[in-house]
Every structure is written in C-alpha cells, then in structure tokens.
Amino acid sequence: MKFNDKNMALKYKKYNENLEQVVEKLHQELGVNSIPVNLEIVTEKLGIRVKTAPSEEFSGLLLRKNDTAMIGVNNEESQVRQRFTIAHELGHFFLHKTKDTFVDYRDNKINNSSEFVRTDAEKQANMFAATFLMPKGYLISDIKKMAKLEISELEIGKLAKKYDVSRDAMNYRILNLGLSKGI
Ligand SMILES: [Zn+2]
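Residues numbered from 1 in each chain as written. Predicted model: local features only at pLDDT ≥ 70, side-chain atom pairs only at ≥ 80, totals over all residues.

Student: Which parts of the structure should I look at to understand the overall build of the protein chain?
Tutor: A tally of regular secondary structure across the protein chain gives eight helices and four strands. Helices (α) and strands (β) of the protein chain occur, in sequence order from the N terminus, as α-α-β-β-β-α-β-α-α-α-α-α. A total of 183 residues make up the protein chain; the buried ones form 27% of that total. Restricting to contacts in the protein chain with at least 6 residues of sequence separation, those with at least 24 account for 60%. (Helix = DSSP H or I, 4+ residues; strand = E, 2+ residues; numbered from the N terminus. Buried ≥ 20, exposed ≤ 12 C-beta atoms within 10 Å, placed from the backbone. Contact = placed C-beta atoms within 7 Å.)

Written out as structure tokens, the structure reads:
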C-alpha cells in the first residue's frame, strides 16, 4: 500500500511539473505575456467559439469538432467563475483529445458534480485552469516583490483581483505551489 501511495505521489508531482511546462509553452505559442490572461484573445487564436447562456445545471461544456471546438459557459455565474470554466474547458481541449464532448455541472448540483469532479480528467482540467490563469513564473515574481514570509488574506485578495480569479482559486494555487511560506 505504501509503495503504491509513494508512486502515486511521484506521478502526481511529475504531472504537476509537466503541466507547468506544457502551459508555459502554450502561453508562448499563444502570445500570452500579460496578466490577467486574456481568454478572448486565446480562444480567438485557437479558433474556439465561446458562447454564453444561463443554466441551472451546467457551469460549462466543450464540444470538439476536428481540430477546433466550441465552449459553452454559464453566464449566471460570477465573472471569475466563468473565466475559470473557460480555462477548465481549454484543459479538456488540450489534455483529453480522445473525447469530444465534456459537460461540467454546477457545484450546487451535488449529485452530479461530486461524482464528476472525482475523475482524473476533471482534476487535470482544474489544475490546467489554475496553471493557465495563474502562471507559476508571474506568481512567483509577484510574491517575491511582496518580500514577506506569509501572504495575508488582503494580499491573496489583491492577487486574485490582478489575475482575475476567485480568492479561493488563488489561495489554492499558492498553497499548491508551496508559495505560502518561505518566499
Ligand atoms: Zn470538466
């Protein structure tokens, strides 16, 4: 059991490291060189149409056709949530090429979403979204500028605003990168 756990942890760490590199390369190719990441330009460059509509059930969806795709976003959710959804669907677009249709349920639909979020593909798409919207290099540089050992709630809020993401997403990303202490 322990051996397996260790392998899993290693695999997970390697995946995280690879994801940072994958996103960095994508950002270069797509010309992303400022914060907040401009998803309109990104999707336009990729030829992906983004359509918004209100929904009780869904946060977003991705419909792939040949080399391009359409992303649907629930515009009843907050702006930062919509951005995260678009980036999440881009994660499916780049990482999960063997499947053509992805439907992501809203968080409040517990019956559906809890089942769904547990799958590796969903976790990967969420990690992709976080990495895509909060690039490691930019974040490290911003946090270094603060020159503090611990990042306060206020600073998390400021960073969230700068990157145009939710406070929760920013907090999680900082913890995940191990940046909450020691920089
Ligand atoms: Zn998804």
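Student: Would you mind going over the sheet that holds strand β1 (residues 49-53) with me for this structure?
Tutor: By definition, the strands of a sheet pair up through backbone hydrogen bonds, in either a parallel or an antiparallel sense. The four strands lie next to each other as β1-β3-β2-β4, forming an open sheet whose pairing is mixed. With one partner strand each, in any of the chains shown, β1 and β4 (101-105) form the two edges of the open sheet. Adjacent strand axes in the sheet meet at a mean angle of 10°, parallel and antiparallel pairs treated alike. Direction of pairing for strand β2 (residues 58-65) relative to β4: antiparallel, over a ladder of five bridges. Note that in β4 the partner of Phe 58 across the bridge is Tyr 105. Where helix α3 (residues 79-95) meets the sheet, its contacts fall on β1, β2, β3 (68-74) and β4, and the angle it forms with β2 comes to roughly 35°. (Pairing = 2+ DSSP bridges. Axes fitted to C-alpha atoms, helices over the stretch in contact; angles between N-to-C directions.)

Student: Looking at this structure, I do not really get the environment of Glu 44. What am I missing?
Tutor: Turning to its location among the elements, Glu 44 is positioned in helix α2 (residues 39-46). Distance in space between the C-alpha atoms of Glu 44 and Leu 30 is 10.0 Å, their sequence separation being 14 residues.

Student: What should I look at first to understand the packing of helix α7 (residues 153-163) against helix α8 (residues 167-176) in this one?
Tutor: The description of two helices packed together rests on the angle between their axes and the distance between the axes. Viewed as axis vectors pointing N to C, α7 and α8 meet at an angle of 105°, and their least axial separation amounts to 9 Å. Regarding the angle of α7 to α8, the classification is roughly perpendicular. Across the interface between the two elements, Ile 156, Gly 157, Leu 159, Ala 160 and Tyr 163 from α7 touch Arg 167, Met 170 and Asn 171 from α8. For the contact of α7 with α8, the residue count by class is five nonpolar, two polar and one charged. (Parallel < 35°, antiparallel > 145°, perpendicular 65-115°, else oblique. Nonpolar A, V, L, I, M, F, W, Y, C, P; charged D, E, K, R; others polar.)

Student: Looking at this model, I keep getting lost on the nonpolar core. Mind explaining?
Tutor: Nonpolar side chains tend toward joint burial in soluble globular proteins. Core analysis: the biggest nonpolar cluster contains 35 residues, and Ala 87, Ala 129, Phe 132, Leu 133 and Val 165 have the highest contact counts within it. Looking at this core, the elements that each hand over two or more residues are α2, β2, β3, α3, β4, α5 (120-133), α7 and α8. In terms of residues, this core owes the most to one element, α5, which gives seven residues. Among the domains, domain 1 (2-133) and domain 2 (134-183) are the pair contributing at least three residues each to this core. Residues in contact with Leu 133, not counting those within four places in the same chain, are Val 37, Arg 83, Phe 84, Ala 87, Tyr 163 and Val 165. (Core = buried A, V, L, I, M, F, W, Y, C linked by C-beta atoms within 7 Å. Domains from an automatic or database assignment.)

Student: Quick question: what am I supposed to make of the pairing of β3 here?
Tutor: On a regular strand, each side chain points to the face opposite its neighbour's, so the side chains alternate between the two faces of the sheet. Counting buried residues along β3, five of its seven residues qualify, which places the element largely inside the surrounding structure. Across six bridges, the pairing between β2 and β3 is antiparallel. Counterpart to Arg 64 in the pairing with β3 is Ala 69. As consecutive antiparallel partners, β2 and β3 are separated by two residues, and within that stretch Asn 66 has a phi angle of approximately 55°, a positive value.

Student: When you look at the packing of α3 against α5 in this model, what are you seeing that I'm missing?
Tutor: Contact geometry of α3 with α5 gives a least axis separation of 7 Å together with a crossing angle of 115°. Seen along the crossing, α3 lies across α5 with a hand that is right-handed. Of the residues in α5, those touching α3 at Arg 83, Phe 84, Ala 87, His 88, Leu 90, Gly 91, His 92 and Leu 95 are Gln 124, Ala 125, Asn 126, Phe 128, Ala 129, Phe 132 and Leu 133. The class makeup of the residues in the contact of α3 with α5 is nine nonpolar, five polar and one charged. (Left-handed = near helix turned anticlockwise from the far one by under 90°.)

Function cannot be read off these values alone, since they describe shape.
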